[in-house]
Amino acid sequence: MVDTHIETLTDISLKVLNKRLANQKNPNFQFVFLGDTWFDWGNAILQSFTKAKQDAIRRYQIFLSCLDKASKQKPKPLFILYGGDGVFSGSAEQLMFFKNAVEKFVRKTNIAFFMVPGNHERNGVNGSLVNYQNIIGPRKGNKTVQENGLNYIINTPKLRMVMLNDVGPVAKPTRYGITNSALATFNKGINTKKDVVVVMHVPPKAGSFKSFPSSEAFPVTTPNDKAFIANLSKSKSVKLILVSHIHDILLKGTIAGKTAVLNGNGGAGTDTRPTLNPVISSFTFINKNKSIRFDGQRSVTVNTKIRPRKVFILTKDGIISVPIV
């Protein structure tokens, strides 16, 4: 049972962001994006137990090295945006382990960390997103975060982030696409004079993603999906869409005529091979002309000295927690 009185990772990050904004002198700022880690997880069904442990440790090292790389950008980023699939399966234990690691980073660096749920944040393949809501997602809400289910809005003075859940309703099986609450939050979020960044896990089959298989980009078939694409296309405020879900591919393209950047290189890779070349995507918001500059992909050198105290291993009996000594 998750203690629902704890501060979620989003609530903690919001406090850090508001403090940074209150003391910010330069109206320009940098932010970073990445996604897809499967933090601290290995697969012992398709390979040996020893190799699975090595993979789990490697994914742990990749993710924390990505955060470290982000923190050393000049100027220091105001926040990190994350496209989901932080863990492999959204049990309370895995999500708490992920949250504690990121919270330590956020408090140490004063860099906020905001994410959207991926399909792996569900507690099992078709499980619920309740653990994610209680541990990671926004719960309290205020003038900066406007919560609508698993969808929320983050405001800075001139830039707004619209964070969307497109992996299905909380308690129902996974369905990639736009839910009622996601569409409502999106429509509310783009009704602004600020520039808007949209963050979502799965890209729609549109623009540069039109030829991707349905497992990697959702078909635009439902009324909500079609309304999202139509409203996105007409929006003057949306300047950038950030997506992940597709591993080991980096892409700068378009969705409905808007600039889109894919980064699924946060560590996950394949079931038996963590990401070979982890990368973070770097951006600068320029206040004077209200523009978002894509500064490119930054390669990450993995710090192999970092060691977790435990790893999560998939076995034929399920996922087990294994101490590292």
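Anything mentioned here points back to the structure above.
Summarised in this report is the structure supplied together with it. Here the structure is a predicted model, which is why all the values come from computation and not from measurement. (Residues numbered from 1 in each chain as written. Predicted model: local features only at pLDDT ≥ 70, side-chain atom pairs only at ≥ 80, totals over all residues. Heavy atoms only, no water.)

Summed over the entire model, instances satisfying the criterion amount to 13 salt bridges. One salt bridge connects Asp-68 with Lys-72, and the closest N-O pair in it is separated by 3.1 Å. For Asp-295, the salt bridge is made with Arg-293, and the minimal N-O distance between the two is 2.6 Å. In this structure Arg-293 comes out as partly exposed when scored by relative accessible area, which is 42%. Beyond isolated ion pairs, a larger network of salt bridges with shared partners links Glu-7, Lys-15, Lys-99, Glu-103 and Arg-107. (Salt bridge = Lys/Arg side-chain N within 4 Å of Asp/Glu carboxyl O. Buried < 20%, exposed > 50% of the residue type's maximum accessible area, 1.4 Å probe, protein only.)

Throughout the structure, instances matching the rule amount to 22 aromatic pairs. Where Trp-38 meets Trp-41, the ring centres are 5.3 Å apart and the plane angle is 80 degrees; that geometry is what we call edge-to-face. Given the relative accessible area of 5%, Trp-38 is considered buried. On the basis of relative accessible area, Trp-41 is assigned to the buried category, the value being 0%. Here Phe-97 and Phe-312 contribute two aromatic rings whose centre-to-centre distance is 5.8 Å and whose plane-to-plane angle is 75 degrees, an arrangement assigned as edge-to-face. With Phe-97 in helix 3 (residues 92–109) and Phe-312 in strand 13 (residues 310–315), this residue pair connects regions lying 215 residues apart in the sequence. Both residues of the pair, Phe-97 and Phe-312, belong to the buried class. Three or more aromatic residues joined by ring pairs make a cluster, and in this case those are Phe-39, Tyr-60, Phe-63, Tyr-82, Phe-97, Phe-98, Phe-113 and Phe-312. (Phe/Tyr/Trp six-rings, centres within 6.5 Å; stacked < 30°, edge-to-face > 60°. Helix = DSSP H or I, 4+ residues; strand = E, 2+ residues; numbered from the N terminus.)

Here the focus is the sheet that holds strand 4 (residues 112–115). Two strands in a sheet stick together by hydrogen bonds in their backbones, pointing the same way (parallel) or opposite ways (antiparallel). Pairing in this open sheet of five strands is mixed, and the strands run 4-3-1-11-12 from one edge to the other. The outermost strands of the open sheet, each flanked by one partner alone, are strand 4 and strand 12 (291–299). Along the sheet, successive strands turn relative to each other by an average axial angle of 25 degrees, direction set aside. Looking at chain direction, strand 1 (residues 29–34) and strand 3 (residues 79–82) are connected through four bridges and run parallel. Within strand 3, the position partnered with Val-32 by the bridge is Ile-80. Together, strand 3 and strand 4 form the strand contacts of helix 3, whose direction differs from that of strand 4 by roughly 145 degrees. (Pairing = 2+ DSSP bridges. Axes fitted to C-alpha atoms, helices over the stretch in contact; angles between N-to-C directions. Contact = heavy atoms within 4.5 Å.)

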